[in-house]
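Chain residues, written in single-letter form:
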Amino acid sequence: KGGTREGSLCLGAPLRRFQRAFQLPPGVDADKIDATFAKGILTVHLPKTAEAMSNEKKITVKAAYPSIQTTNAIPTQKSR
């Protein structure tokens, strides 16, 4: 419920219970799942099993436009 205190308005959301269920994807180590709740954000960590980690594959990404070059240099502005 809202209220006022010396010219300010205080609003608060009612605390409610929240529950969500989902099926874990293959390769998740269910015994090592970890979750944190901070500042209204729920973060869930689903670590992979050792077997799933060994099945990882590296993919080489080729540039679609080979003539375009990128650089990490930051351009500087000339003094006026």
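It should be emphasised that the depicted structure is a prediction, and the values quoted were computed from it without experimental measurement.

Rules behind the numbers
Residues numbered from 1 in each chain as written. Predicted model: local features only at pLDDT ≥ 70, side-chain atom pairs only at ≥ 80, totals over all residues. Heavy atoms only, no water. Helix = DSSP H or I, 4+ residues; strand = E, 2+ residues; numbered from the N terminus. Buried < 20%, exposed > 50% of the residue type's maximum accessible area, 1.4 Å probe, protein only. Contact = heavy atoms within 4.5 Å. Areas by Shrake-Rupley, 256 points an atom, 1.4 Å probe, with all protein chains shown as cover. Pairing = 2+ DSSP bridges. Patch = residues over 30% accessible without salt bridge, like charges linked within 9 Å, V, L, I, M, F, W, Y side chains within 5 Å. Salt bridge = Lys/Arg side-chain N within 4 Å of Asp/Glu carboxyl O. pLDDT = per-residue confidence, 0-100.

Draft legend 1. Structural detail: the overall build of the chain. From N to C terminus, the chain includes 1 helix and 4 strands. Beginning at the N terminus, the succession of helices and strands in the chain can be written as β-β-β-β-α. Looking at the chain residue by residue over its 80 residues, the buried ones come to 4%. Long-range pairs, those at least 24 residues apart, make up 3% of the contacts in the chain between residues at least 6 apart in sequence. When the accessible area of the chain is evaluated, it comes to approximately 9000 Å², of which 54% is carbon and sulfur surface.

Draft legend 2. View of the pairing of strand E4 (residues 41–45). As defined by bridge partners, strand E3 (residues 34–38) adjoins E4 across 5 bridges and the pair is classed as antiparallel. Its bridge partner lying in E4, Ala38 is registered against Ile41. Between E3 and E4, which follow one another and run antiparallel, lie 2 residues, and Lys39 among them has a positive phi close to 55°.

Draft legend 3. Region of interest: unusual backbone geometry. A positive phi angle is found at Lys39, which is not glycine, with a value near 55°. Along the chain, Lys39 turns up in the loop between E3 and E4.

Draft legend 4. Quick peek at a nonpolar patch on the surface. Among the surface-exposed residues, Phe22, Leu24, Ile33, Phe37, Leu42, Val44 and Leu46 lie close enough to one another that they form a single nonpolar patch of about 650 Å² accessible area. Tracing the backbone through its elements, the reader meets Val44 in strand E4. Relative accessible area serves as the criterion here: at 39%, Val44 is assigned to the partly exposed category.

Draft legend 5. Representation of the confidence of the model for the chain in the model. On average, the chain scores 76 in pLDDT, and the residues at 70 or more come to 65%. In the model of the chain, strand E1 (residues 3–5) stands out as the element of lowest mean pLDDT, 52, in contrast to E3, which has the highest, 93.

Draft legend 6. Structural detail: the side chain of Asp29. As for its placement among the helices and strands, Asp29 is situated in the loop between strand E2 (8–10) and E3. Beyond its immediate chain neighbours, meaning those up to four positions away, Asp29 contacts Pro47, Lys48 and Thr49.

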